[in-house]
Amino acid sequence: TATVANGKTHMQDLASSLSRILPFSQAAGVGLNQVMGAMAGLTAQGVKSKQAALDMKMAIVALSAPTKSMTKAFTQWGLSSTQVATRMQTDMPGAFQEMSNAISKVYKEGSPQYLAAMKAMMGGSSQMAGVVLLSGSHFKAFQSAVDNVSASVKAGGKNVVGWSQVQQDLNFKIAQAK
């Protein structure tokens, strides 16, 4: 619910797209709140849920198993691909922003050189799409989406939305009495 509220998607679209990313994020140790915040961040920018899930899947897979050329590109920018991948598990916005910050010290965000450097670190255009849309000038919105999703999960705890209303329902009372 928080993902839909913070993004521009419908529950049905979000639900149908999650099968594209959740197995990969779980295998990589990336938390659900991080994934849902990313989905909210991308859909808030007009990316369709299915494409957002694909973009995040590609980024997670690439960062989890970097190629030699990716590792070299990270090193060139003063970063460790292993450290960024580990940080992504609990702080995806911070991991993506760390990459953007390293490149932004030399190239203007969004410039062809910036995009080429991000592409080299991510191992390709498909892998970098989500990262670019969630870092740099979009970082605060992404961080906010992850924070909002996390707060909603924490506030909800083990409660099912609307359960207190169900408990008050006459049919439930009758079933309880039986």
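For the structure itself, consult the block above.
Owing to the predicted nature of the structure, the values given are computational and were not obtained by experimental measurement.

Engineer: How would you explain the pattern of salt bridges if you had to name every residue and give the values?
Structural biologist: The full count for this structure, using the stated rule, is 2 salt bridges. Its salt-bridge partner being Asp91, residue Arg87 comes within 3.0 Å of it at the nearest N-O pair. The closest approach of N and O atoms between Arg87 and Glu98, which form a salt bridge, is 3.3 Å. Linking Arg87 in helix H7 (residues 81-90) with Glu98 in helix H8 (residues 92-104), this pair joins segments that are 11 residues apart in sequence. Assessed through its relative accessible area of 33%, Arg87 is described here as partly exposed. On the basis of relative accessibility, which here comes to 27%, the residue Glu98 falls in the partly exposed class.

Engineer: Account for the packing of aromatic side chains, naming residues and giving values.
Structural biologist: All chains considered together, the criterion is met by 2 aromatic pairs. Summarising the aromatic geometry, the rings of Trp77 and Tyr107 are spaced 5.9 Å apart at their centres and angled 65° between planes, so their arrangement reads as edge-to-face. Of the two residues, Trp77 sits in the loop between helix H6 (68-76) and H7 while Tyr107 sits in the loop between H8 and helix H9 (112-122), which places them 30 residues apart along the sequence.

Engineer: Residues and numbers for H7, please.
Structural biologist: Along H7, the residues classified as buried are Ser81, Val84, Ala85 and Met88. With its buried residues spanning 100° around the axis, H7 presents them on a single face. For H7, the exposed residues lying more than 90 degrees away from the buried face are Thr82, Gln83 and Thr90. Buried residues along H7 sit against helix H4 (32-44), helix H5 (49-64), H6 and H8.

What counts and how
Residues numbered from 1 in each chain as written. Predicted model: local features only at pLDDT ≥ 70, side-chain atom pairs only at ≥ 80, totals over all residues. Heavy atoms only, no water. Salt bridge = Lys/Arg side-chain N within 4 Å of Asp/Glu carboxyl O. Helix = DSSP H or I, 4+ residues; strand = E, 2+ residues; numbered from the N terminus. Buried < 20%, exposed > 50% of the residue type's maximum accessible area, 1.4 Å probe, protein only. Phe/Tyr/Trp six-rings, centres within 6.5 Å; stacked < 30°, edge-to-face > 60°. Arc of directions from axis to C-beta. Contact = heavy atoms within 4.5 Å.

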